[in-house]
Amino acid sequence: MSNKDEVRLIVDGKRLDGRAFDELRPIKIKVGVLKRADGSCYLEMGKNKVVVAVYGPREVHPRHLQDPVKAVVRYRYNMAPFSVEERKRPGPDRRSVEISKVSREALEAIVMKELFPRSGIDVFVEVLQADAGSRTACLNAASVALVDAGVPMKGMISSVAVAKVDGELVLDPMKEEDFYGEADMPFAFFIRNDRIESIALLQMDGRVTKDEFIKAVKMAKDGAMRIYKMQKEAIKSKYVVESEEEVD
Ligand code: CDP
C-alpha cells in the first residue's frame, strides 16, 4: 500500500474491516483501573488502547500557575514509543502539544472550574497503542476518569472522528482510512442531560463540501451519543459493583 491513489478503502459497499459507513469500532471501557490516581479509565476504541489518570482538584505547583478565581486544568497526551509501527521518540513533540491543547480546551467546557480557585486538575493520558482517532479515544477516557475522580462537571465529553474515503463519509476511521483517505474530522461534543449541548472540539484535515460537512456533523453526533451511552454504562457498572460489595 504505497501509492494513495491505488488503495481502495471501500469494496462492495463495505469498509476494509467490514464495517458499515456509520459504524463505530468496538469500544471497551474500564473505570478505576489505577489505585494511586484520584480517577482513572482504560479504554479501547478499535485497536487504540489508552489509559488516563486524573489527579485533583489539588494544590498547583509551581504556585505562579494558580488562578485565584478558578481551577487550572492540565492535560498531557503522551504516546508510548511502542504504540505505533515506527517507534516514536519518547517525550513531547509538536503533535502531542497540539493534541494536549485542544483536548484540554474541550474538557474545560465541562469541568466546573470556578468551584476550585487556586487548584489544579491534572489529566495524564497515555496512548499504549494507536490506530487513528487516538485523540478521540483519549478524550472519551478522560471524561470518564474525571467522573471517577469525583470532579464536579456540567456534563460529559464524547468524541469521535468522521473521515472521507473513496468519496464516502465514514464514522470513526481506522488507520488505513485516516492515512489514505481524503479528509479527517475529529469531533468532541459537550453532552448535558443526555443531549448534545455544543461542539467542544472540531479539527479538519483535507477537504469536504458544505453538504458533506453537514452530513459529517450528523454522523459524528449520532456516533458520539452511542459512545456517551457506553461511558455512562461503564461508570454505572463500577459503582453498582462497589456498592454491592459494601453490602456484603
Ligand atoms: O490518533 P489521531 O487520529 O488522533 O491523530 P493523528 O495525528 O491523525 O494520527 C493518526 C494515527 O497515525 C495515529 O493514531 C497513529 O496510529 C499514527 N501515528 C503514527 O504512526 N506515528 C506517530 N508518530 C503519530 C501518529
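Reference entry: report on the structure contained in this document. (Residues numbered from 1 in each chain as written. Predicted model: local features only at pLDDT ≥ 70, side-chain atom pairs only at ≥ 80, totals over all residues. Heavy atoms only, no water.)

### Details of the packing of helix α1 (residues 94-108) against helix α2 (residues 134-148)
Item 1. Contact geometry of α1 with α2 gives a least axis separation of 11 Å together with a crossing angle of 45°. Here α1 lies oblique to α2, going by the angle between them. Considering the relative orientation of α1 and α2, their crossing is right-handed. Counting all contacts with α1, which are made through R95, E98, I99, S103, A106 and L107, the residues of α2 involved are S134, R135, L139, A142 and L146. (Axes fitted to C-alpha atoms, helices over the stretch in contact; angles between N-to-C directions. Helix = DSSP H or I, 4+ residues; strand = E, 2+ residues; numbered from the N terminus. Parallel < 35°, antiparallel > 145°, perpendicular 65-115°, else oblique. Left-handed = near helix turned anticlockwise from the far one by under 90°. Contact = heavy atoms within 4.5 Å.)

### Some remarks on the nonpolar core
Item 1. Within the largest apolar cluster, 62 residues are counted, with the highest numbers of intra-cluster contacts made by Y75, L107, V123, L146 and V162.
Item 2. Considering each element in turn, this core owes the most residues, 10 residues, to helix α4 (residues 210-247).
Item 3. Leave out the neighbours within four places in its chain, and L107 touches Y75, V123, L139, A142, L146 and I157.
Item 4. One finds V7, L9, V165 and V170 within the second-largest nonpolar core, a separate group that totals 7 residues. (Core = buried A, V, L, I, M, F, W, Y, C linked by side-chain atoms within 4.5 Å. Buried < 20%, exposed > 50% of the residue type's maximum accessible area, 1.4 Å probe, protein only.)

### Overview of the layout of surface pockets
Item 1. When its volume is computed, the largest pocket comes out at roughly 850 Å³.
Item 2. In terms of residue class, the lining of the largest pocket is made up of 10 nonpolar, 7 polar and 15 charged. (1 Å grid on protein atoms, 1.4 Å probe; cavity = no way out; pocket = protein on both sides within 12 Å on 5 of 7 lines; lining within 4 Å. Points joined across faces, edges and corners; volume = space filled by probe spheres on them. Nonpolar A, V, L, I, M, F, W, Y, C, P; charged D, E, K, R; others polar.)

### Digging into the site of the ligand
Item 1. Taken together, the neighbourhood of the ligand is formed by M79, V84, R95, A130, D131, A132, G133, S134, R135, K175 and D178.
Item 2. Note that an oxygen atom of the ligand is positioned 3.4 Å from one of the backbone N or O atoms of A130.
Item 3. For the ligand, whose free accessible area comes to 510 Å², the fraction covered by protein is 76%.
Item 4. One can see that the ligand is located within the largest pocket.
Item 5. Contributions of two or more residues to the shell around the ligand are made by α2 and α3 (175-180).
Item 6. Counted by class, the shell around the ligand contains 4 nonpolar, 2 polar and 5 charged residues. (Near = heavy atom within 4 Å. Polar contact = N/O pair within 3.5 Å; in protein donor to acceptor, adjacent residues only side chain to side chain. Areas by Shrake-Rupley, 256 points an atom, 1.4 Å probe, with all protein chains shown as cover. Sits in = over half its atoms within 2 Å of the grid points.)

### Brief notes about the environment of V111
Item 1. Considering the arrangement of structural elements, one finds V111 in the loop between α1 and β7 (119-129).
Item 2. A sequence separation of 44 residues divides V111 from G155, and the C-alpha atoms of the two residues are 8.1 Å apart.
Item 3. Residues within four places of V111 in sequence aside, it is in contact with V73, I121, L146, V151, P152, M153 and K154.

### Quick word on the sheet that holds strand β4 (residues 39-45)
Item 1. Taken together, 5 strands build an open sheet; the order of strands is β3-β4-β5-β7-β6 and the sheet is mixed. The open sheet has two free edges, formed respectively by β3 (27-31) and β6 (72-79), since each of these has just one partner strand. For this sheet, the mean angle separating the axes of adjacent strands, direction not counted, is 15°.
Item 2. For strand β5 (residues 48-59) and β7, the ladder comprises 9 bridges, and the chain directions are antiparallel. Bridged to V52 within β7 is V125.
Item 3. Against the sheet, α1 contacts β6 and β7, and its axis sits at roughly 140° relative to β6. (Pairing = 2+ DSSP bridges.)

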